[in-house]
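Geometric and topological summary
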Amino acid sequence: MAQRTTRTAFRTTLVAVAAACAGAIPVAAFGKAEGGVYIAGAGFTFQQAAERGLSKNPGGRRFFLLAVPPETDALMQTAAGGLAAVRDRVIAANGVLYVCQRDIDNGRINEADLVPGVVKVRGWPPAGSTALPHGQRYFAGENPADFPASNNSLRRLRTTCSH
């Protein structure tokens, strides 16, 4: 009888621990969840894309905003007061700002004029290139911490910067 009581107590404790762990998982997973990718210049102004990102990612959840010309003015050191304020709100809300490396390479963006912290995104390499080895997510020199953990989000950034 004492053995049965010990087993029952052990099972009850095990169930309680499992339930506590299961209840903690969604909170931990939500804390690490990332928001989506928002693109300024793809039918949206910088302000529209920023406001959408801010509203869909409350509480400091990290999200990603790519600006393509002509919507890159907000990312410049000379940005007008209103655009600079929106940009600063994005940064304060844990938003990551991007421009396409191709826009720097083709002279549409002067890299020296960008505010600090703007990340350059490279598009997909041409067929047959070894610049991005098969199975790798990042080019040499890219900091993985600057990019989304989601393959779909990273793919969207690279695809947009390839065209």
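Residues numbered from 1 in each chain as written. Predicted model: local features only at pLDDT ≥ 70, side-chain atom pairs only at ≥ 80, totals over all residues. Heavy atoms only, no water.

**Things to note about helix 2 (residues 46–56)**
Put simply, the rule reads: Three labels apply to residues, based on accessible area from a 1.4 Å probe with only protein chains included: buried if under 20% of the type maximum, exposed if over 50%, partly exposed otherwise in between. Secondary structure elements follow DSSP: runs of H or I no shorter than four residues count as helices, runs of E no shorter than two count as strands, and numbering proceeds from the N terminus. Our arc is simply the arc of the directions from the helix axis toward the C-beta atoms.
Turning to helix 2, its buried residues number three or more, namely Phe 46, Ala 49, Ala 50, Gly 53 and Leu 54. Buried residues of helix 2 fall within an arc of 130 degrees about the axis and therefore sit on the same side.

**Quick word on the packing of aromatic side chains**
Which entries qualify depends on this criterion: Here is the rule: rings of Phe, Tyr and Trp (six-membered ring for Trp) pair when centre to centre is within 6.5 Å. Planes less than 30 degrees apart are stacked, more than 60 are edge-to-face, and the remainder are tilted. Here, a charge over a ring means that NZ of Lys or CZ of Arg falls within 6 Å of the ring centre while also lying within 35 degrees of the ring normal.
Within the structure shown, the criterion is met by four aromatic pairs. Consider the rings of Tyr 138 and Phe 147, whose centres lie 6.0 Å apart with planes at 45 degrees: the pair is tilted. The exposure class assigned to Tyr 138 is partly exposed, which follows from its relative accessible area of 21%. Classification of Phe 147 as buried rests on a relative accessible area of 3%. What links up through ring pairs into an aromatic cluster is the set Phe 64, Tyr 98, Tyr 138 and Phe 147. It is Arg 158 that lies over the ring of Phe 147; its NZ or CZ is 5.6 Å from the centre.

**Notes on the pattern of salt bridges**
Going by this rule: We count a salt bridge whenever a side-chain nitrogen from Lys or Arg sits within 4 Å of a carboxyl oxygen from Asp or Glu.
Inspection of the entire model under this criterion finds six salt bridges. The residue Asp 88 makes a salt bridge to Arg 87 at a minimum N-O spacing of 3.3 Å. The partly exposed category is assigned to Asp 88, whose relative accessible area is 40%. For Arg 87, a relative accessible area of 9% puts it in the buried group. Residue Arg 158 is joined to Glu 142 by a salt bridge in which the shortest nitrogen-to-oxygen separation is 2.6 Å. Of the two residues, Arg 158 is situated in helix 5 (residues 151–160) and Glu 142 in the loop between strand 4 (119–121) and helix 5; the sequence distance between them amounts to 16 residues. A single burial state applies to Arg 158 and to Glu 142, both of which are buried.

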